[in-house]
Amino acid sequence: MTYSTGKKTGTDAGTLPVLGAVRDRLDAALDATARAWLHAALTDAAARPATGGPEHGFAAWQLRFAEAGRRTGDERADAVRLLLLHAVRADTATLTALYAQGTAAERRAVLLALPHLVEGPDALPLIEDALRANDTRLVAAAVGPYAAAHLPDHAWRHAVLKCLFTGVPVDAVAHLADRARGDGELARMLGDFADERTAAGRPVPDDLHRVLALTAPEPLTNGRADPHGKES
């Protein structure tokens, strides 16, 4: 099931202006050597589209994907890797292989690229794997727009709790207000989590109260409650 958040994910026309802006920011930020490396990497990647999983062997663009941080700086590596994945038209099989073989930084880049590259829920196993990790960088990347659009309600609620448990700011949860609104089951889970923390003598995260406030029921419309409830 796909969950409408008012935002599209995948390779629709709206992705191209976003990627164009990313490219412009990188061009402005990189020095001449790094900029030349990026232009050459993207040109080569576009000429050699990805053909699927690891059975197709190692490609030159994958080396550039791996060395992006060293070539352009760790703070820009996510953006560079996104452009490379788009240039090779990476499919779900390719993304899955990169994720499985990658470092934490490379896995994070794959997760962040999903809403730009995958239209449907086929890449959810990558989100689910990241949410089982203890690396907060992966957890934060996993609760982005792709999860907001495709993660089922039960799993999405547990993802929110994972953020609270691991200290990932809930600002990382894409479209949090849209999906939390009127969600009584999420409110119950948050209450149980707060009770457990209090009983154990541990502080309740401030973000929990923020999310709990977002679960308030929809206001009445013409004397009637919103007929579209949340599944449990």
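Residues numbered from 1 in each chain as written. Predicted model: local features only at pLDDT ≥ 70, side-chain atom pairs only at ≥ 80, totals over all residues. Heavy atoms only, no water.

(A) The arrangement of the packing of aromatic side chains in detail. In the structure shown here, the tally under the stated rule is one aromatic pair. Each ring, one from Trp-61 and one from Phe-65, has its centre 6.4 Å from the other, and the planes form 85°; the classification is edge-to-face. Placement of both Trp-61 and Phe-65 in helix α3 (residues 60-66) is noted, with a separation of four residues, approximately one turn of the helix. You can call Trp-61 buried: its relative accessible area is 5%. The class for Phe-65 is buried, based on a relative accessible area of 1%. Across from the ring centre of Tyr-99, 4.6 Å away, lies the NZ or CZ of Arg-107, which sits over that ring. (Phe/Tyr/Trp six-rings, centres within 6.5 Å; stacked < 30°, edge-to-face > 60°. Helix = DSSP H or I, 4+ residues; strand = E, 2+ residues; numbered from the N terminus. Buried < 20%, exposed > 50% of the residue type's maximum accessible area, 1.4 Å probe, protein only. Lys NZ or Arg CZ within 6 Å of the ring centre and 35° of its normal.)

(B) Representation of helix α8 (residues 124-131) within the structure. Those residues of α8 that sit buried are Leu-124, Leu-126, Ile-127, Ala-130 and Leu-131. Around the axis of α8, the buried residues are gathered within 155° of arc, so they sit on the same side. Of the surrounding elements, those touching the buried residues of α8 are α6 (92-101), α7 (104-117), α9 (136-142), α10 (145-150) and α11 (153-166). (Arc of directions from axis to C-beta. Contact = heavy atoms within 4.5 Å.)

(C) View of the packing of α6 against α8. Contact pair α6 / α8: the axes reach a minimum separation of 10 Å and the direction vectors enclose 20°. The angle between the axes of α6 and α8 places the two elements in the roughly parallel class. The element α6 and its partner α8 pack so that their crossing is left-handed. Counted together, Leu-95, Thr-96 and Tyr-99 of α6 and Leu-126, Asp-129 and Ala-130 of α8 form the full contact between these two elements. (Axes fitted to C-alpha atoms, helices over the stretch in contact; angles between N-to-C directions. Parallel < 35°, antiparallel > 145°, perpendicular 65-115°, else oblique. Left-handed = near helix turned anticlockwise from the far one by under 90°.)

(D) Focus on the pattern of salt bridges. Throughout the structure, instances matching the rule amount to 15 salt bridges. We note a salt bridge from Arg-76 to Glu-75, for which the minimum N-O separation is 3.2 Å. The residue Arg-188 makes a salt bridge to Glu-185 at a minimum N-O spacing of 2.6 Å. Taken together, the positions of Arg-188 and Glu-185, both in helix α13 (residues 184-199) and three residues apart, correspond to about one turn of that helix. The partly exposed category is assigned to Arg-188, whose relative accessible area is 42%. Among the residues examined, Glu-185 registers a relative accessible area of 26% and is labelled partly exposed. Bridged by salt links that share partners, the residues Glu-67, Arg-70 and Arg-71 form one connected network. (Salt bridge = Lys/Arg side-chain N within 4 Å of Asp/Glu carboxyl O.)

(E) Quick peek at the environment of Cys-163. With respect to the helices, strands and loops of the structure, Cys-163 is situated in helix α11. For the pair formed by Cys-163 and Val-143, sequence separation is 20 residues and the distance between their alpha carbons is 8.8 Å. Non-local contacts of Cys-163, meaning those with residues more than four positions away in its chain, are made with Val-139, Val-143, Val-168 and Val-173.

(F) Spotlight on the packing of α6 against α7. Viewed as axis vectors pointing N to C, α6 and α7 meet at an angle of 160°, and their least axial separation amounts to 9 Å. Of the possible angle classes, the one that applies to α6 and α7 is roughly antiparallel. For the crossing formed where α6 meets α7, the hand is left-handed. The segment α6 lies against α7, with Leu-95, Leu-98, Tyr-99 and Ala-100 engaging Arg-107, Val-110, Leu-111, Leu-114 and Leu-117. By residue class, the composition of the contact of α6 with α7 is eight nonpolar, no polar and one charged. (Nonpolar A, V, L, I, M, F, W, Y, C, P; charged D, E, K, R; others polar.)

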